[in-house]
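The chain contents come next:
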Amino acid sequence: MNRLRWLLLTVLLSAFLLPATWGKPGPLDWPMFRHDPARSGSAPGQGQITNPIEKWELPVRGLAEPSPAVGDLDSDGTMEVVAGSYRGVYAIAGPTGRELWESPLSGPFEISSPAIGDIDGDGLPEVVVGSMGGNIYALDGRTGRVKWTYHTGSKVWSSPALADVDGDGQLEVVVGSDKLYVLNGRGKLKWAFFPDPPWTGTTSSPAIADLDGDGQLEIVIESLDGIVYAVEGRSGRELWHSDTAGEGDISSPAIGDVDGDGRLEIAIGISGKGLYLLDGATGRVRWSFPITGLIRSSPAIGDVDGDGVPEVVMGSNDHHVYALDGQSGKLKWRFTAGSLIESSPAIGDIDGDGEPEVIIGSHDGRLYCLDGATGRKEWEFRAGGQVFSSPTLADIDGDGYLEVVFGCNKGAVIALDKR
């Protein structure tokens, strides 16, 4: 697949999934967990990294398990990286790795990944993040000052999505906890979803797209009891639920036209069961691929082998990365790492050869770059600690090319660039 085709596919996919009112991302930023509200895990653009070097490393307090977001926090035309650790949230200058601010949160440790967007319409981005202390925070993007706090009924493992889910022209904050919460940009509750019979909450992060083609956005989230729910963004009314009879975990849904039929599907990992593809309009299971044990990695969707049909790529605690055919669910390739894979894959042309790669971390302390077509390892970077964090692909230094940013459990945020 040539470079023009790859870029066109990623642009069309973004346009198909998301109305213009979801936010104003730059061409090479990464404003939230898994890149976009649909949680595609795919980045447009290209990099030049064939043999990576460390661009910078910022020590942080505690384990750096959340995944970084990238955006222009102060509207100066330069990207910042926003990354979390067990002790709070950091803003980092993209080109240099210099710490700009730190904002401690209320939890004993933090898992939620930050999201960047102008949620209150003042023309400047905020940073939104959940906390294990049960709070959702909106921080001033320039200073890290808390603008508002919303208290939920439980811990917030979930990473917020920012999108205009009700069509009012303003971004809402969508996040899971004991309920699925939708807040306006000033921290006021619009609605909360709590299914009947009551669920036990969620650690999954919501994905957002127009599932049924009615011009309105829906929200998809998985509960701790392994049930996947689709909820109308405007009202909070349940559209459908799909009981996969498994166990929910941190794995989050990804939405895309996986089988090339012109309609959206949902890819989701279910611990103890495997990787499932659900029909977006009905929740019906299209196919499933068995994987035993815990699944804390979230799937990414992209045409990694150039056959014109997207694949679904996901890691697992069984030490494997799987790439599955989008139409059939059959295995295309499998890569074996040295330990658990709880990091989620990112898909992008990181070396500029016109073909996408898969970037993913492992508890073996390595970040891997895999050939998208074959799963062959192209390179690895030894981070010095477990890589639970999911990698972010974005142009952090303004050179027009993608870099890789991720957290490491030695207590650092690391950026990689070309040698």
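Cut-offs used in this document
Residues numbered from 1 in each chain as written. Predicted model: local features only at pLDDT ≥ 70, side-chain atom pairs only at ≥ 80, totals over all residues. Heavy atoms only, no water. Helix = DSSP H or I, 4+ residues; strand = E, 2+ residues; numbered from the N terminus. Buried < 20%, exposed > 50% of the residue type's maximum accessible area, 1.4 Å probe, protein only. Disulfide = S-S within 2.5 Å. Phe/Tyr/Trp six-rings, centres within 6.5 Å; stacked < 30°, edge-to-face > 60°. Pairing = 2+ DSSP bridges. Axes fitted to C-alpha atoms, helices over the stretch in contact; angles between N-to-C directions. 1 Å grid on protein atoms, 1.4 Å probe; cavity = no way out; pocket = protein on both sides within 12 Å on 5 of 7 lines; lining within 4 Å. Points joined across faces, edges and corners; volume = space filled by probe spheres on them. Nonpolar A, V, L, I, M, F, W, Y, C, P; charged D, E, K, R; others polar.

## Brief notes about unusual backbone geometry
Next up, step 1: Phi is positive for His35, close to 85°, though the residue is something other than glycine.
Next up, step 2: Following the sequence through the fold, His35 ends up in the loop between helix H1 (3-17) and strand E1 (42-46).
Next up, step 3: A relative accessible area of 8% means that His35 is categorised as buried.
Next up, step 4: Of note, Ser75 is a non-glycine position whose phi angle comes to about 60°, a positive value.

## Here we look at the state of the cysteines
Next up, step 1: For the structure shown, the criterion picks out zero disulfides.
Next up, step 2: Free of any disulfide, Cys408 has its nearest neighbouring cysteine sulfur in Cys369, separated by 18 Å.

## Structural notes on the packing of aromatic side chains
Next up, step 1: Scanning the entire structure with this criterion turns up seven aromatic pairs.
Next up, step 2: When the ring of Phe193 is compared with that of Tyr229, the centres are 5.5 Å apart and the planes differ by 65°; the resulting orientation is edge-to-face. Here Phe193 is found in strand E14 (residues 189-193), whereas its partner Tyr229 is found in strand E17 (residues 227-232), with 36 residues between them in sequence.
Next up, step 3: Each member of the aromatic cluster is reached from another via a ring pair, and the members are Tyr86, Phe109 and Trp157.

## Brief notes about the sheet that holds strand E10 (residues 146-151)
Neighbouring strands of a sheet are bound in pairs by backbone hydrogen bonds; such pairs are parallel or else antiparallel.
Next up, step 1: The strand order E7-E8-E9-E10 describes an open sheet built from four strands, whose pairing is antiparallel. What marks the edges here is a single partner per strand, and that holds for strand E7 (115-117) and E10. Averaged over all neighbouring strand pairs, the angle between strand axes comes to 20°, with direction disregarded.
Next up, step 2: Judged from the five bridges that link them, strand E9 (residues 135-140) and E10 form a sheet pairing that is antiparallel. Paired with Asn135 across the strands is His151, a residue of E10.

## Points about empty space enclosed by the protein
Once rolled over the atoms, a probe with the size of a water molecule shows which space is left empty.
Next up, step 1: One pass over the full model with this rule turns up three cavities of 30 Å³ or more.
Next up, step 2: A volume near 150 Å³ is recorded for the largest cavity.
Next up, step 3: In terms of lining, the largest cavity is formed by 20 residues, of which the most central are Phe33, Ile111, Ser113, Ile250 and Phe388.
Next up, step 4: Considering only residue class, the lining of the largest cavity consists of six nonpolar, 11 polar and three charged.

## A short note on the sheet that holds E17
Next up, step 1: Sheet architecture is open: four strands sit in the order E15-E16-E17-E18, paired in antiparallel fashion. The outermost strands of the open sheet, each flanked by one partner alone, are strand E15 (207-209) and strand E18 (238-243). Here the strands of the sheet are splayed against their neighbours by 15° on average, with no regard to which way each runs.
Next up, step 2: Where E15 meets strand E16 (residues 218-222), three bridges bridge the pair, whose relative direction is antiparallel. Residue pairing across strands places Ile208 opposite Ile219, the latter belonging to E16.

## What to know about the pairing of strand E24 (residues 311-315)
Next up, step 1: Burial within E24 is extensive, with five of its five residues counted as buried.
Next up, step 2: Here E24 shows a buried face lined by Glu311, Val313 and Gly315 and a second buried face lined by Val312 and Met314.
Next up, step 3: Bridging between strand E23 (residues 300-302) and E24 involves three bridges; their strand directions are antiparallel. In the sheet register, Ile301 faces E24, and the bridge partner there is Val312.
Next up, step 4: Both E24 and strand E25 (residues 320-325) contribute to a ladder of five bridges, which runs antiparallel. Looking across to E25, one finds that Gly315 is bridged to Val321.

It is worth stressing that arrangement in space is one thing and function is another; only the former is reported here.
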